[in-house]
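Architecture and fold: a report
Letter by letter, the chains look like this.
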Amino acid sequence: MTWPTKYGGGARSFLERYTVTEELLAAGAPVGCHWIADRQSGPLMLRFGSEAQREEFLPGITRGEVFFSIGMSEPDSGSDLASIRTRATPVCGGYEVTGAKVWTSYAHESHYAITLVRTGPVDTANRHAGLTQLIVDLKAPGVSVRPIINLAGEHDFNEVVLDRVFVPSDRLVGREGDGWNQVTSELAFERSGPERFLSSHQVLRELTGLAAAAAKPEPALEQELGRMAARLWTLRQMSVSVAGRLQAGDMPNLEAALVKDLGGAFERDIPERARTIGAAVGRARRPSASKRR
């Protein structure tokens, strides 16, 4: 919605996009395949990519024909993104990439991954130096996408192994060695949206309806739902504020990180609260032993 019309976008504002995104999430609409390309891969190319890259990839994204995933996290590196070991070695016409990425959502259904690699030596005085972003073709020789099945038996995550994968030089995003600055800008798009606290909205909505149907809602139950509603509204106000900063041309990296952190905690809390509240409502609805007799 926010991209220029020359690439198939709608030239709309970030706040307009926010409104549509919020409604899609609240309704539980299926958006997984094209979500990352729209949310951050495309905006990253608009900000740092070459004109040739924009013309090659953005129209396909807007038509829903090209999907992207994110190649950031690595096995054994945890949340320390500066410790990545996937290396891109210069070769004739481009780079040869070897390493592994993990938790790559929808890589099994994506065409490309904007991948953070190390092109320079490790500098202990400046651990963020020597990092670069490349557009990796996930169907290229040497790429293996291995599924990671979650506890519900669903396949969303993957491990992507790169074994001497050739990446042409025209797939370099921005400047070599400037990957850290670019990837932190990208994370502002990833972390700031309402998906950070609306992914469990359907559960919260059903939970509220369940509690409202109780003949005599318990005060403790009403208080718990009130606390969750207050957290939801606060997160929304924070997230809308970040969208306004993006619309103004700012890159609110720190503010977006706060939304992600607090939103992630909220996402984890809703299922836990649902278990407690659902059990309490169930007990309240069951007839007593004397009535059963």
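So, here is what we can say about the structure in this document. Just so we're clear, the structure is a prediction, and the values are computed from it rather than from any experiment.

Checked against the element boundaries, Gly 99 lands in strand 3 (residues 94-102). In the structure, Gly 99 is positioned 35 residues away from Leu 134 in sequence and 13 Å away in space, judged by C-alpha atoms. For Gly 99, the contacting residues outside a window of four places in its chain are Thr 86, Val 160, Val 161 and Leu 162.

Moving on, we get to the pairing of strand 5 (residues 131-137). With six of seven residues buried, strand 5 lies mostly within the body of the structure. With seven bridges joining them, strand 4 (residues 112-118) and strand 5 adopt antiparallel strand pairing. Across the sheet, the residue bridging to Tyr 112 is Asp 137, located in strand 5. Pairing of strand 5 with strand 8 (residues 172-173) involves two bridges; the strand directions are antiparallel. Bridged to Gln 133 within strand 8 is Val 173.

What follows is about a nonpolar patch on the surface. The grouping of Met 1, Val 20 and Leu 24 at the surface amounts to a nonpolar patch, some 210 Å² of accessible area in total. Within the secondary structure, Val 20 is located in helix 1 (residues 14-26). Taking relative accessible area as the criterion, Val 20 reaches 38% and is therefore assigned partly exposed.

Before going further, it helps to examine helix 1. When the terminal C-alpha atoms of helix 1 are compared, their 18 Å separation across 13 residues agrees well with the 18 Å that a helix rising 1.5 Å per residue should span. Within the sequence span of helix 1, burial applies to Arg 17, Tyr 18, Thr 21, Glu 22, Leu 25 and Ala 26. Across the axial projection of helix 1, the buried residues extend over an arc of 160°, all falling on one side. Where the residues of helix 1 are buried, they touch helix 2 (32-48), helix 5 (195-198), helix 6 (201-212) and helix 7 (219-247). The positive-phi residue at the C-terminal boundary of helix 1 is Gly 28, with phi of around 70°.

This part takes up the nonpolar core. Of all hydrophobic cores here, the largest spans 19 residues; its most connected members are Phe 197, Met 228 and Phe 266. Among the elements of the structure, helix 1, helix 5, helix 6, helix 7 and helix 8 (253-285) are those that each provide at least two residues to this core. With six residues, helix 7 is the single largest residue contributor to this core. Sequence-distant contacts of Phe 266, defined by excluding residues within four places in its chain, comprise Phe 197, Leu 204, Met 228, Arg 231, Leu 232 and Leu 235. By size, the runner-up hydrophobic cluster in this structure holds 16 residues, among which are Leu 134, Val 136, Ala 140 and Val 143.

Basis of the calculations
- Residues numbered from 1 in each chain as written.
- Predicted model: local features only at pLDDT ≥ 70, side-chain atom pairs only at ≥ 80, totals over all residues.
- Heavy atoms only, no water.
- Helix = DSSP H or I, 4+ residues; strand = E, 2+ residues; numbered from the N terminus.
- Contact = heavy atoms within 4.5 Å.
- Buried < 20%, exposed > 50% of the residue type's maximum accessible area, 1.4 Å probe, protein only.
- Pairing = 2+ DSSP bridges.
- Patch = residues over 30% accessible without salt bridge, like charges linked within 9 Å, V, L, I, M, F, W, Y side chains within 5 Å.
- Areas by Shrake-Rupley, 256 points an atom, 1.4 Å probe, with all protein chains shown as cover.
- Salt bridge = Lys/Arg side-chain N within 4 Å of Asp/Glu carboxyl O.
- Expected span 1.5 Å × (residues − 1).
- Arc of directions from axis to C-beta.
- Core = buried A, V, L, I, M, F, W, Y, C linked by side-chain atoms within 4.5 Å.

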